[in-house]
Structures are given as structure tokens and as C-alpha cells.
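Commentary on secondary and tertiary structure
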Amino acid sequence: MYRNRALQVRVANIKEETSTIKRFTLQAIDDTILPPFSGGSHITTFLPQPTGILDRHYSVFNLTAKTGLLEIAVRLAEDSTGGSYYWHHHVQVGDVLSVSYPKNYFPLSFQAKHHAFYAAGIGITPFLSMMAELTEKNKSFELHYAAKSKEQCAFYDYLHEAFPNQCHFYFSNGEDKKCLSPTQLLNHRIGTHVYFCGPESMIQDFATSAKTYGYPPFHVHFERFAPRPMKEQHAFQIRMKRKEAELEVPANATLLDVLLQNGIKIPYSCRVGGCGTCEIKVTEGEIVHFDSFLSEEQQKSNRTMLSCVSRGKGRLVLDL
């Protein structure tokens, strides 16, 4: 992980974007300029908890007129006792926090002739930096953004003012109900790349539809902030080929968790199966894949897995 390269930042401002979403502006503690970032980047925040440090990932952007700042938006999840609860109920202006350097596992494709962004709820956040970058480069894009209402649509005023010709809004409540539908993918010209961010059901629907409509796989991009939900999650055993050691991965833990708890250091970053950092080779056993990084061919080969989300059936032998 990159915690040994953490940045110390001070909370310069907090703004309530909606009743459940707050925007936090972060600055360097010594008033220098924070590192630059590309469209779609995120940072990991390290939040102190009674049980230890809690890692949480948030897309970064900068809607201020000042350079060298980082901004994130955090939605308060229902019944949250973790990251979003901490940000909403404990973080105040002036607080000093540790965050990672910006990383980007959801970059823009500059092979695209046109970029079409599809967002729902807090899924708008990675597209804020993407649209800013494309505007600077004079590239073609459009945004389709779904929310319950105008009042629950974070950054509505900013988007309406900054990108009046590129933004399309869909509100599911109120008199003029309008729903965001995957069939809108049929309206894009050849050469368009599509990007999805929002609830898991929305990502699955749009990604599946894009494949059905004939979009090439490399034209379809999406980002998750949480692992894909697992219908069933069973314990499984692992044997490490080179270490001659055997361990059990409980149903409520990941393979990555168990390896780290037992002093087996492997690189990792996103923890949601999107970056490929924690990939491990498997020499025996059946893998159940839950990542969005490996290709279909790589998954079918049954020879590699992402330890942060994927699991085994029965027993796996790892090349460790």
C-alpha cells in the first residue's frame, strides 16, 4: 500500500451539497501546492478508528478557482458507522488528516472520438475532473446524470453553469419524472467511449447493455467504490506452494485480509477488484472471480485471481 507515502492535509472548507452529501476542500498543511491529478483520479483517506485505521477511497476534483487543492465529496450512507459517518460527524474545518497521493484506475481514453458519461447519485464525482480535463483539451463529451430530485442532485448549479450544452439531468421524483435508461447508449456515434459510475445495479445494467449493443470492450469503462455483492460467500482453504503453509479464509474475510494478517506482504491498493495490484497466480483449485480487472479469457484460465475480492471453492494452491 502507499501509506508510507501519505500526505498530510488540512480541511480548508466544508460545503453541504445536498442533505446527504458534503464536499471537503483539502489543502497542504504548509500552504504549498498539493500534487496534480488526472481526470478520474482518487485518493485514499486514512481515518482513525478505535479498531485501527480505516481506508476509504474518494474521487478527487477541484471546483475552486485555486490551484493545488484537492476536493472530495462524501455521501452519508444509511446506518453508516465507518468512513462516511466519520466524515460527516467528526471532520471539521482545520482538522489535519492523512491521505494518499492521487491514483488513477479510471482514466480517460484519448482514443475516443467522443466521451459519454453516465452517473447516478454520488457517482458524479469522477466525472467532475474528467469534464474539466476534456474542456481544457477541447474534446467532445456529454453527461447523463440521474438523481431523485434537483435538490438531491449534487453539483447541479455548477454543472448547469459550467457545461450547459453537455449536461442532461434525470429526476425520478416530482411531476416531470424522467428516467435514465441503457437504451440511450444506442444514440451515440461510432467511436464513442462510455463511462459508468453509480450503484452496482446501474453499472451492471449499463455494462451488460453496452456489450449487447456491440460496444467493443475497450470502449466501455466503469468504476466501483465497493466490491461487487456476493450472493454466497463460503470459507475456503489455501496452500502456499513456496512457503509450505496452509491457511483458512473465513466466509467474512478476504484472501488479502488473511495474507496480510499472517505477515505475508503483497502489494494492494483499491480493494474493490479494479486495479490489479493484488493479483496472485494460482496453480491448483477453482477460482470464483468477483473482480472487474481481469479479462474473460484470464478469468476462464483459472490461473490468476485478485486477492482483494475473488475467492476459491474448497482449496486453492497459490504460487506464493
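Before reading on, note that the structure itself is shown above.
In what follows, the accompanying structure is described. (Residues numbered from 1 in each chain as written. Predicted model: local features only at pLDDT ≥ 70, side-chain atom pairs only at ≥ 80, totals over all residues. Heavy atoms only, no water.)

**A short note on the overall build of the protein chain**
When helices and strands are tallied, the protein chain shows six helices and 16 strands. Whereas a compact globule of 320 residues would reach a radius of gyration of roughly 20 Å, the protein chain reaches 21 Å, a difference of no more than 12%. When its C-alpha atoms are laid out on the principal axes, the protein chain stretches across 60 × 50 × 35 Å. Sequence-distant contacts, at least 24 apart, represent 63% of the contacts inside the protein chain between residues at least 6 apart. When the accessible surface of the protein chain is split by element, carbon and sulfur atoms take 48% of a total near 16400 Å². For the protein chain, the distance from the average position of its 34 positive side-chain charges to the average position of its 32 negative side-chain charges is 5 Å. (Helix = DSSP H or I, 4+ residues; strand = E, 2+ residues; numbered from the N terminus. Rg over C-alpha atoms; globule rule 2.2 N^0.38 Å. Contact = heavy atoms within 4.5 Å. Areas by Shrake-Rupley, 256 points an atom, 1.4 Å probe, with all protein chains shown as cover. Lys, Arg positive; Asp, Glu negative; His and termini not counted. Charge placed at Lys NZ, Arg CZ, Asp CG, Glu CD.)

**Here we look at the sheet that holds strand β14 (residues 279-288)**
Across the sheet, five strands lie side by side as β13-β12-β16-β14-β15; this open sheet has mixed pairing. Each end of this open sheet is capped by a strand with a single partner; those strands are β13 (245-249) and β15 (304-306). Taking each pair of neighbouring strands and ignoring which way they run, the sheet shows an average axis angle of 40 degrees. Across five bridges, β14 lies against strand β16 (residues 311-318) in antiparallel orientation. Following the sheet pairing, glutamate 284 is matched in β16 by valine 317. (Pairing = 2+ DSSP bridges. Axes fitted to C-alpha atoms, helices over the stretch in contact; angles between N-to-C directions.)

**A word on the sheet that holds strand β3 (residues 42-49)**
Ordered by their spatial adjacency, six strands build an open sheet running β4-β3-β6-β1-β2-β5, and the pairing between neighbours is antiparallel. Every other strand in the sheet has two partners, leaving β4 (52-59) and β5 (70-75) as the edge strands with one partner each. Averaged over all neighbouring strand pairs, the angle between strand axes comes to 40 degrees, with direction disregarded. Examined bridge by bridge, β3 and strand β6 (residues 96-99) share two bridges and lie antiparallel to one another. Across the sheet, the residue bridging to threonine 45 is valine 99, located in β6.

In short, the description is geometric, and any link to function would need to be established separately.
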